[in-house]
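What follows is the residue order along each chain.
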Amino acid sequence: MPESADPRDRLIVALDLPDVAAAERLVARIGDAATFYKIGYRLAYAGGLDFAARLAREGKKTFLDLKLHDIGNTVEEGVRSASALGATFLTVHAYPQTMRAAVRGREQGLKILAVTVLTSYDDADAAEAGYALPVADLVARRAEQAAAIGIDGIVCAAAEAGAVRGRIGPSGLIVTPGIRPAGAEAGDQKRVMTPGQARAAGIDHVVVGRPITGAEDPRAVARTIVAEMENV
Ligand SMILES: O=C(O)c1cc(=O)[nH]c(=O)n1[C@@H]1O[C@H](COP(=O)(O)O)[C@@H](O)[C@H]1O
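Residues numbered from 1 in each chain as written. Predicted model: local features only at pLDDT ≥ 70, side-chain atom pairs only at ≥ 80, totals over all residues. Heavy atoms only, no water.

An unreviewed UniProt entry annotates the chain as Orotidine 5'-phosphate decarboxylase originating from Methylorubrum thiocyanatum. The UniProt entry for the chain carries the following comment under Function (unreviewed entry): "Catalyzes the decarboxylation of orotidine 5'-monophosphate (OMP) to uridine 5'-monophosphate (UMP)." (UniProt positions renumbered as here; feature names shortened; annotations may be inferred.)

Structure, rendered in structure tokens:
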């Protein structure tokens, strides 16, 4: 993200909420404190895709977190359909066939982000899933493959931002979930950093869900996160 852009764009609020009415209420409460919203499985399967298109028409930036992974033809056509929803970002899993297909289907300025290794995984989880490499090496390998294929950005933990930047170069995007303001509950996230630490590590955008969706004052939390990143 260029340094001159709106600093609020660095925060992506994950709208992991049960229905569109709840998402509308949260977006209204946050007001102008956030500009960028992520729609994932929970909301997408409850009318969230139409809501995402509406948010985009109203001038918000949107991130469709659909984490696509299927045979190439299905991914390519799915990405083509998703391109019509006016979103800024769409996720796919960082498997080479899947990434190549997503790049073929990408239209209308949609940027494809490759999810390397989920932030809820540590080395033991990767080993349990059958991977011989530690998480850091797997992330680096997938980032290198994503860059060679022409993917627009990488989703990883902030701890891997330096290694990923070395592989994707200055123009690739680094988007990091697993973000917790100091003192917040990690929940199921295992590779965690604060917004300020993530920014210092060179990320472009942080994704934050529960620390905002569960807050008494979500607008205040969003503002604090943006300010913490701006002051790095
Ligand atoms: O692709 C994602 O956005 C994602 C990738 C990943 O590795 N880890 C991860 O937590 N996410 C998403 O980021 C959000 C994090 O939410 P919180 O843990 O509530 O802040 C959720 O919507 C996850 O689905």
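Draft legend 1. Spatial organisation of the sheet that holds strand S1 (residues 11-14). Pairing is parallel in the closed barrel, where 8 strands are placed in the order S1-S2-S3-S4-S5-S6-S7-S8. For this sheet the average axis-to-axis angle between neighbouring strands, irrespective of direction, equals 25°. Sheet contacts for helix H10 (residues 218-230): S1 and strand S8 (205-208); angle to S1, the most-contacted strand, approximately 150°. (Pairing = 2+ DSSP bridges. Helix = DSSP H or I, 4+ residues; strand = E, 2+ residues; numbered from the N terminus. Axes fitted to C-alpha atoms, helices over the stretch in contact; angles between N-to-C directions. Contact = heavy atoms within 4.5 Å.)

Draft legend 2. Geometry of the side chain of Asp 65. Considering the arrangement of structural elements, one finds Asp 65 in strand S3 (residues 61-68). Looking at Asp 65, the relative accessible area reads 6%, which means it is buried. A distance of 2.5 Å separates a polar atom in the side chain of Asp 65 from a polar atom in the side chain of Lys 38. Separated by 2.7 Å, the side chains of Asp 65 and Thr 91 make a polar contact. Setting aside residues up to four positions removed in sequence, Asp 65 forms contacts with Lys 38, Ile 39, Gly 40, Tyr 41 and Thr 91. (Buried < 20%, exposed > 50% of the residue type's maximum accessible area, 1.4 Å probe, protein only. Polar contact = N/O pair within 3.5 Å; in protein donor to acceptor, adjacent residues only side chain to side chain.)

Draft legend 3. Looking closely at the packing of aromatic side chains. Tallying each qualifying case throughout the model produces 3 aromatic pairs. For the pair Phe 63 and Phe 89, a centre-to-centre distance of 5.8 Å together with 85° between the ring planes defines the contact as edge-to-face. Here Phe 89 lies in strand S4 (residues 89-93) and Phe 63 lies in strand S3, a separation of 26 residues in the sequence. Each residue in the set Phe 36, Phe 63 and Phe 89 is aromatic and connected to the rest through ring pairs, giving one cluster. A cation over an aromatic ring shows up here: Lys 38 above the ring of Phe 63, its NZ or CZ 5.8 Å from the ring centre. (Phe/Tyr/Trp six-rings, centres within 6.5 Å; stacked < 30°, edge-to-face > 60°. Lys NZ or Arg CZ within 6 Å of the ring centre and 35° of its normal.)

Draft legend 4. Seen up close, the layout of surface pockets. Estimates place the volume of the largest pocket at around 650 Å³. Forming the walls of the largest pocket are 28 residues, and the residues nearest its centre are Asp 16, Lys 38, Asp 65, Lys 67 and Gln 189. Sorting the residues of the lining of the largest pocket by element identifies helix H2 (41-57), S3, S4, S8 and helix H9 (210-213) as the ones contributing at least two each. Looking at which element gives the most residues to the lining of the largest pocket, the answer is S3, with 3 residues. (1 Å grid on protein atoms, 1.4 Å probe; cavity = no way out; pocket = protein on both sides within 12 Å on 5 of 7 lines; lining within 4 Å. Points joined across faces, edges and corners; volume = space filled by probe spheres on them.)

Draft legend 5. Up close: the nonpolar core. One finds Leu 11, Leu 15, Ile 30 and Val 206 to be the most contacted residues of the largest nonpolar core, which totals 59 residues. Ile 30 has contacts with Val 13, Tyr 37, Ile 212, Pro 218, Arg 219 and Ala 222, leaving out every residue within four places of it along the chain. Within the second largest apolar cluster, 11 residues are counted, among which are Phe 63, Leu 113, Val 175 and Val 207. (Core = buried A, V, L, I, M, F, W, Y, C linked by side-chain atoms within 4.5 Å.)

Draft legend 6. Representation of the packing of helix H6 (residues 135-149) against helix H7 (residues 161-168). Interaxial distance between H6 and H7 falls to 8 Å at its minimum, and their mutual angle equals 25°. Put simply, H6 runs roughly parallel to H7. Between H6 and H7 the crossing geometry is right-handed. Contact residues: Val 139, Ala 140, Ala 143, Glu 144 and Ala 147 in H6; Val 164, Arg 167 and Ile 168 in H7. Per-class residue counts for the contact of H6 with H7 are 6 nonpolar, no polar and 2 charged. (Parallel < 35°, antiparallel > 145°, perpendicular 65-115°, else oblique. Left-handed = near helix turned anticlockwise from the far one by under 90°. Nonpolar A, V, L, I, M, F, W, Y, C, P; charged D, E, K, R; others polar.)

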